[in-house]
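Given next are the chains, with one letter for each unit.
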Amino acid sequence: MSKKLLFLLPLLGLAACDTSKEFAPDENAGMQVDKQVAIFESKDNQKQWVLRAETVDFSDLQTATLKNPDLLLKENGTDSASVTGKTGSFDYLKKKVSIEGNARIKSFTENVVITADRFFYDVNKNRIWSDDKTIITRGGVKVTAKEGVVTDSKLARIEIKNQTTRLPEDTRELKSASL
């Protein structure tokens with residue numbers, strides 16, 4: 001009987017030392033996080049868009065999770081607009097970006113600022129859209145799109161879904177906006 005006990009004792013000791021749970025993916029989720037990351041796409045030696053983020057979590061094989069993302073959109077090699085927010089994601093396979101949390105689009109060519117809870121960008125279609133209340137400001141005029149907007153990266157043409165408009169109170173607001 002004592003020989004059996006001596007044989008089982010080392011096996012019990014090995015079982016007690018099992019550390020496989022220490023390497024569970026949930027506990028090491030931070031191992032795929034990088035800081036100050038830029039993801040971009042180029043065509044004919046010109047960047048089409050650049051997605052920067054303070055931190056990026058690459059642990060999901062299909063989607064990167066972004067903190068403080070800034071999507072810089074380009075047209076003919078020139079910056080055309082910027083989309084910023086608090087959080088976001090980039091789906092590698094679908095080539096779609098989501099930016100949310102005080103999301104804001106600023107056009108550098110059209111003097112337009114668009115704000116919403118979140119924006120989406122489809123890289124393949126070069127299309128930006130929102131799906132809820134969105135405010136478009138140009139000069140002294142504010143337009144509220146109750147069901148969102150759809151536009152391209154230049155923001156030259158914006159499709160507004162279910163809108164209300166606030167016009168300037170006097171002509172001075174319009175004159176100062178045109179300067």
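This text goes with the structure placed above it.
Here's a quick rundown of the structure.

**With respect to the packing of aromatic side chains**
Evaluated as defined, the whole model comprises three aromatic pairs. Relative to Phe-90, the ring of Trp-49 lies with its centre 5.7 Å away and its plane at 55°, an arrangement referred to as tilted. Of the two residues, Trp-49 is situated in strand E2 (residues 46-57) and Phe-90 in strand E6 (residues 87-91); the sequence distance between them amounts to 41 residues. Relative to Tyr-92, the ring of Phe-90 has its centre 5.9 Å away and its plane inclined at 80°; by these criteria the two rings are edge-to-face. Within the aromatic cluster, the residues linked to one another by ring pairs are Trp-49, Phe-90 and Tyr-92. Above the face of the Phe-40 ring, Lys-47 is positioned so that its terminal group lies 4.5 Å from the ring centre. Over the face of the ring belonging to Trp-129 we find Arg-127, whose NZ or CZ atom lies 4.4 Å from the ring centre.

**Points about the pattern of salt bridges**
Using the criterion set out here, one finds five salt bridges in the structure. Note that Glu-41 and Lys-95 form a salt bridge whose closest N and O atoms lie 2.7 Å from each other. Placement of Glu-41 in strand E1 (residues 33-43) and of Lys-95 in the loop between E6 and strand E7 (96-107) is noted, with a sequence separation of 54 residues between them. Note on Lys-95: relative accessible area 25%, which makes it partly exposed. A salt bridge links Arg-138 to Glu-110, with the nearest nitrogen and oxygen atoms 3.6 Å apart. With Arg-138 in strand E10 (residues 134-138) and Glu-110 in the loop between E7 and strand E8 (113-122), the pair connects residues that are 28 residues apart, well separated along the chain.

What counts as what
Residues numbered from 1 in each chain as written. Predicted model: local features only at pLDDT ≥ 70, side-chain atom pairs only at ≥ 80, totals over all residues. Heavy atoms only, no water. Phe/Tyr/Trp six-rings, centres within 6.5 Å; stacked < 30°, edge-to-face > 60°. Helix = DSSP H or I, 4+ residues; strand = E, 2+ residues; numbered from the N terminus. Lys NZ or Arg CZ within 6 Å of the ring centre and 35° of its normal. Salt bridge = Lys/Arg side-chain N within 4 Å of Asp/Glu carboxyl O. Buried < 20%, exposed > 50% of the residue type's maximum accessible area, 1.4 Å probe, protein only.

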